[in-house]
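# Examining the three-dimensional arrangement
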Amino acid sequence: MSVPNDLQKNFSEVVSALKPKEAIDEANRCLYCYDAPCIKACPTSIDIPSFIRKIATGNLLGSARTIMESNPVGASCARVCPTEELCEGACVLNHASKPIMIGLLQRHATDWAIRNNAALFQKGDPNGKRVAIIGAGPAGLSAARELARLGYEVTIYEAKERAGGLNTYGIVSFRLPQEISLWEVEQVEALGVTIKTNTRIGVDIMPDELVANYDSVLLAVGMSSVPSLHIPGEELEGVLDAIALVEDTKTKPLTTDMVGKKVVVIGAGNTAIDAATCSKRLGADNVQILYRRTVQEMSCYQFEYEFAKQDGVEFRWLVAPTRVLGNKGRVTGLELIRMELGEPDAKGRKRPVPIPGSEFFIEVDFVVKAIGQNRHLSLIDQLGLQHQNGTVTVEDGTYRTSHPKVFAAGDVIFGGGKTDAMVVDAANHGKRAAYAIDKAIRDQKQLV
């Protein structure tokens, strides 16, 4: 068998779906708690006991509808949510045996809906109002779904070739196949939502046109590319952007460039983990994650960390890159300096401080940058919105920005931390922003 085919196998889903009998048996373990703590632990407040009871009684359509009613990207979240920190972490059975496998049951119901082309919702009666949404990721899609059900004419503007945002492009295929995200997009389009892809705001259409031509605008653009390391040699061939690396594995034929090679990933967030496990599955012989703090300060989820270790990814703590080495324009090594932890920074994490004279070198073939993501400052400024270092300022509870017609949701209003990449939080923001837009437009109509 050829190497590319072997690599393709590596990108198949790593977690197996429940078989029908397994799903029913697991559903029957649920206590269907009154005032269930799992519901409170879910950012989108899915009625978890209800959807599980429907699985137990064979009503998979009703189960999928219950899930997607609360979470418009519930099929994706069944695969990528940190359930052990959220719903499963709150399950009362943690104290007696083991928690209900809520994520896998959610996947079981939504997979059934996908296989059976189930139409879960209907669009509302037209109310004559129009809303533009910038960005077709989880926040934008969730807002569009709710607004369409409320009777709005919704148009989403998306810069990429396909909608779905992070779910379509930014999460590795072996955790979230692209077809799952695209089914969620189809569910939104079925409600009459228009999605204009390959359309960049500020290039193909100006922000002021949207503000002038729509009753309201929602900014849901997420995040941008990985920032520069600001070290010598960064321009060499073999220095990669983690976001672009993951996207390439989802949109292009897999290559053998990394087979047998040494790869280092700079950073220890969820994207760094994805880049590292991608590299390993692309055939890299040795993959190391380099982090300037310790395991206690890393921002990735615990299950991501454990998964990476199982994939053979190594971790080096308290080191930072100072120079990329190369030969004939190609990466050959990396200079590092050892760090120690000093006083806490603004987020409460101890600040890493270089140890003078502790520099050392390692041989590498690829350096992958995964040190966070830039924000869409140009677009934010074109809309004239108040922000703090690219985090758009919104009124408490209303998602309204400093511009009365412009609202914002998702990563563009998240201030940092693990929630930056939590799909379920973005979905919740999108839903709530839709209701806020609806209220603002109705209130304005009453004043006229």
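Residues numbered from 1 in each chain as written. Predicted model: local features only at pLDDT ≥ 70, side-chain atom pairs only at ≥ 80, totals over all residues. Heavy atoms only, no water.

## Topic: the overall build of the protein
Under the convention used in this document: Runs of H or I in DSSP of at least four residues are treated as helices and runs of E of at least two as strands, each being numbered from the N terminus. The contact criterion used throughout is that any non-hydrogen atoms of two residues lie within 4.5 Å. Residue burial considers only the protein chains on display, and all accessible areas are found by Shrake-Rupley using a 1.4 Å probe.
Of the regular secondary structure elements, the protein holds 17 helices and 16 strands. Residue pairs at least 24 apart in sequence account for 71% of intrachain contacts in the protein once pairs closer than 6 positions are excluded. Put simply, the protein shows about 20,100 Å² of open surface, and 49% of that area lies on carbon and sulfur atoms.

## With respect to the nonpolar core
A general tendency of soluble globular proteins is for nonpolar side chains to be buried together. Stated precisely, the cut-off is as follows: The nonpolar core is taken to be a set of buried Ala, Val, Leu, Ile, Met, Phe, Trp, Tyr and Cys residues, with the residues joined through side-chain atoms within 4.5 Å. Type-normalised accessible area, obtained with a 1.4 Å probe on protein chains alone, sets the label of each residue: buried when under 20%, exposed when over 50%, and partly exposed for intermediate values. An automatic or database domain assignment supplies the start and end points of every domain.
Of all hydrophobic cores here, the largest spans 72 residues; its most connected members are Ile133, Ile134, Ile156, Leu210, Leu218 and Leu219. No other element matches helix α17 (residues 423–447), which puts 10 residues into this core. For this core, the two domains that each supply at least three residues are domain 1 (14–114) and domain 2 (128–222 + 372–445). Here Ile134 is in contact with Tyr157, Ile201, Leu210, Val217, Leu218, Leu219, Ala220, Val221, Leu379 and Leu383, once residues within four sequence places are set aside. Judged by nonpolar contacts, the second largest core, of 32 residues, contains Cys300, Ala308, Phe315 and Val368.

## Things to note about the pairing of strand β13 (residues 366–369)
Here is the rule: Following DSSP output, two strands are said to pair if at least two bridges run between them.
Neither face of β13 is left uncovered, since the one carrying Phe366 and Val368 and the one carrying Val367 and Lys369 both have all their residues buried. Here strand β5 (residues 239–241) pairs with β13 via 3 bridges, running parallel. Considered in β13, the bridge of Val239 is made with Val367. Bridge analysis of strand β6 (residues 262–266) against β13 gives 4 bridges, and the strand direction is parallel. Bridge pairing links Ile266 to Lys369 in β13.

## Re the environment of Val221
Locating Val221 in the fold gives a position in the loop between β4 (216–219) and β5. On a C-alpha basis, the gap between Val221 and Ala113 in space is 28 Å, while along the polypeptide they are 108 residues apart. Among residues more than four places away in sequence, those in contact with Val221 are Ile134, Gly135, His376, Leu379 and Val412.

## Thoughts on helix α13 (residues 242–251)
Stated precisely, the cut-off is as follows: Two N or O atoms count as a polar contact when they lie within 3.5 Å, although within protein this holds only if one can serve as hydrogen donor and the other as acceptor, and sequence-adjacent residues are included solely when both atoms are side-chain atoms.
Burial analysis of α13 places 7 of its 10 residues in the buried class, the great majority of the element. Its side-chain oxygen placed 2.7 Å from the backbone nitrogen of Ile243, Asp241 serves as the N-cap of α13.

## Let's talk about the pairing of strand β1 (residues 130–134)
Stated precisely, the cut-off is as follows: Viewed with both strands pointing away, a crossover whose connecting path from the first strand over the helix to the second turns clockwise is right-handed.
With 4 of its 5 residues buried, β1 lies for the most part within the structure. Read from β1 through helix α9 (residues 138–149) to strand β2 (residues 153–157), the crossover connection turns out right-handed. Looking at chain direction, β1 and β4 are connected through 4 bridges and run parallel. Counterpart to Ala132 in the pairing with β4 is Val217.

## Focus: the sheet that holds β1
Picture the strands of a sheet paired through backbone hydrogen bonds; they go either parallel or antiparallel. Quick reminder of the rule: Every axis in this analysis is a line fitted to C-alpha atoms, fitted for helices over the stretch in contact. Angles between the N-to-C directions lie between 0 and 180 degrees.
In spatial order, the strands read β3-β2-β1-β4-β16; together these 5 strands make up an open sheet with parallel pairing. Two strands lie at the open edges of the sheet, namely β3 (194–196) and β16 (406–408), each paired on one side alone. Strand-to-strand twist in this sheet, taken as the mean axis angle between neighbours without regard to direction, amounts to 20 degrees. Packing against the sheet, α9 makes contact with β1, β2, β3 and β4, and its axis sits at approximately 165 degrees to β2.

## Points about the packing of helix α14 (residues 270–281) against helix α15 (residues 302–310)
How two helices sit against one another is set out by the angle between their axes and by the gap between those axes. Threshold: Comment on the angle field: the value is read as roughly parallel under 35 degrees, roughly antiparallel over 145, roughly perpendicular from 65 to 115, and oblique elsewhere. Here is the rule for handedness: rotate from the far helix to the near one, and if that takes an anticlockwise turn smaller than a right angle the crossing is left-handed, while a clockwise turn gives right-handed. Any residue outside Ala, Val, Leu, Ile, Met, Phe, Trp, Tyr, Cys, Pro, Asp, Glu, Lys and Arg is labelled polar, Gly included; the first ten of those are nonpolar and the last four are charged.
Viewed as axis vectors pointing N to C, α14 and α15 meet at an angle of 20 degrees, and their least axial separation amounts to 10 Å. In terms of axis orientation, α14 runs roughly parallel to α15. α15 is crossed by α14, and the crossing has left-handed handedness. Across the interface between the two elements, Asn270, Ile273, Asp274, Thr277 and Arg281 of α14 pack against Glu304, Tyr305, Phe307 and Ala308 of α15. Taken together, the residues of the contact of α14 with α15 break down into 4 nonpolar, 2 polar and 3 charged.

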